[in-house]
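Listed below, chain by chain, are the residues.
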Amino acid sequence: MAYFRHPVTMDERKAKATAWALTFADMVTLLLTFFVLLLVILNDAERHINAVIDKLLDETYKEMNNDLSSSNVSVERATKGIKITIRGNLFKSASSEVDSEYYPIIHQIGQIIKESEVINIYENSQYNELINLIDKRGSKLNIEVRCEGHTDDEKLPPNADYPSNWELSSARSLNLVRIMNKYALMPEKYFSAMGYGEFRPVVDISTISGFEERVKARAINRRVEIYLDAFLQKNPEHNIEINI
């Protein structure tokens, strides 16, 4: 008996030639699905980390708001942490020397920060899983206590110890950091000091005409802001190679 093979049609040849494309498309779809899923997992992990950090900051904020708030001290929940603003006669005129009347409040601020859970997160075993999760992401929890000094717009007298309000505001914030660090007995790595002079006012003096109103506005602008910030940042140790 003779067998006859049907000739392969053009459509069949095309189907065989493009069969690999279907497999390739399936593989690409699976890879895309995997990466989307991975991205969702990573985003969920970051949201979880940020939620825990925010919760710790919220607890410290509530304590500060209850214990520190007064006519000269205000506490706010900032984006990355907590902002404490001190006004009044914190410093002597044109001087960086802190008035001793404010020592107790500076001491109290330092103690609250020192005892806060966010500062002690690495010493508390209940947060070990969180720290490990942060490490696996190649990140680290950056915690800092930053002091920013601000003066009013009045120029310093010729015999002042500082040539401008920039130097004066920097020296004031640095002195405040030294006092706070002395009371808190925390590692110096957490602290930083900055001075902005008269260039970041809360109230724009140029819009005020009355003398009494200008005096009040300058008193508002003369301030020190203390920030307790906690936020994730990439760990540079993962990217730096040291060759000896």
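Residues numbered from 1 in each chain as written. Predicted model: local features only at pLDDT ≥ 70, side-chain atom pairs only at ≥ 80, totals over all residues. Heavy atoms only, no water.

Digging into the layout of surface pockets
If a probe the size of a water molecule is rolled over the atoms, the empty space left behind becomes visible. Its volume calculated, the largest pocket comes out at about 380 Å³. Lining the largest pocket are 22 residues, with S93, A94, D152, R172 and R222 positioned closest to its centre. Contributing elements (two or more residues each) for the lining of the largest pocket: α5 (165–184) and β5 (223–234). Broken down by element, the lining of the largest pocket gets its largest block of residues, 3 residues, from α5. Split by residue class, the lining of the largest pocket holds 8 nonpolar, 6 polar and 8 charged. (1 Å grid on protein atoms, 1.4 Å probe; cavity = no way out; pocket = protein on both sides within 12 Å on 5 of 7 lines; lining within 4 Å. Points joined across faces, edges and corners; volume = space filled by probe spheres on them. Helix = DSSP H or I, 4+ residues; strand = E, 2+ residues; numbered from the N terminus. Nonpolar A, V, L, I, M, F, W, Y, C, P; charged D, E, K, R; others polar.)

Quick notes on the confidence of the model for the protein
Of the residues in the protein, 80% reach a pLDDT of 70 or more, and the chain-wide mean stands at 85. A low-confidence stretch, residues 38–42 (pLDDT under 50), is modelled with 1 contact involving residues beyond four sequence positions or located in other chains. (pLDDT = per-residue confidence, 0-100. Contact = heavy atoms within 4.5 Å.)

Considerations on the pattern of salt bridges
Throughout the structure, instances matching the rule amount to 12 salt bridges. Notably, a salt bridge pairs E148 with R146, separated by 2.8 Å at the nearest N-O pair. For E148, a relative accessible area of 7% gives the class buried. Here D229 and R146 are joined by a salt bridge, their closest N and O atoms 2.9 Å apart. One end of the pair, D229, is in strand β5; the other, R146, is in strand β3 (residues 139–150), and 83 residues separate them in sequence. Under the relative-accessibility criterion, D229 is labelled buried at 5%. It is possible to trace a salt-bridge network through shared partners that takes in E144, R146, E148 and D229. (Salt bridge = Lys/Arg side-chain N within 4 Å of Asp/Glu carboxyl O. Buried < 20%, exposed > 50% of the residue type's maximum accessible area, 1.4 Å probe, protein only.)

Thoughts on the packing of helix α3 (residues 103–115) against α5
To describe two helices that pack against each other, one gives the angle between their axes and the distance between the axes. Look at α3 against α5: their axes get within 8 Å of each other, and the N-to-C directions meet at 60 degrees. Classified by the angle their axes make, α3 and α5 are oblique. Pair α3 / α5 crosses with right-handed handedness. Residues Y103, I106, H107, I109, G110, Q111, I113 and K114 of α3 touch α5, and the partners they reach there are L176, I179, M180, Y183 and A184. (Axes fitted to C-alpha atoms, helices over the stretch in contact; angles between N-to-C directions. Parallel < 35°, antiparallel > 145°, perpendicular 65-115°, else oblique. Left-handed = near helix turned anticlockwise from the far one by under 90°.)

Let's talk about the pairing of β5
In terms of burial, β5 is a largely internal element, 9 of the 12 residues being buried. The pairing of strand β2 (residues 81–86) with β5 spans 6 bridges and is classified as antiparallel. Paired with I82 across the strands is L228, a residue of β5. Alignment of β3 against β5, held across 12 bridges, turns out to be antiparallel. Residue R146 lies in a different strand from β5, and its bridge partner there is Y227. (Pairing = 2+ DSSP bridges.)

Some thoughts on the packing of aromatic side chains
Evaluated as defined, the whole model comprises 1 aromatic pair. Consider the rings of W166 and F199, whose centres lie 5.1 Å apart with planes at 45 degrees: the pair is tilted. With W166 in helix α5 and F199 in the loop between β4 (191–195) and α6 (211–221), this pair connects stretches of sequence that are 33 residues apart. The same class applies to W166 as to F199, namely exposed. The positively charged end of K80 is found above the aromatic ring belonging to F231, 4.6 Å away from the centroid. (Phe/Tyr/Trp six-rings, centres within 6.5 Å; stacked < 30°, edge-to-face > 60°. Lys NZ or Arg CZ within 6 Å of the ring centre and 35° of its normal.)

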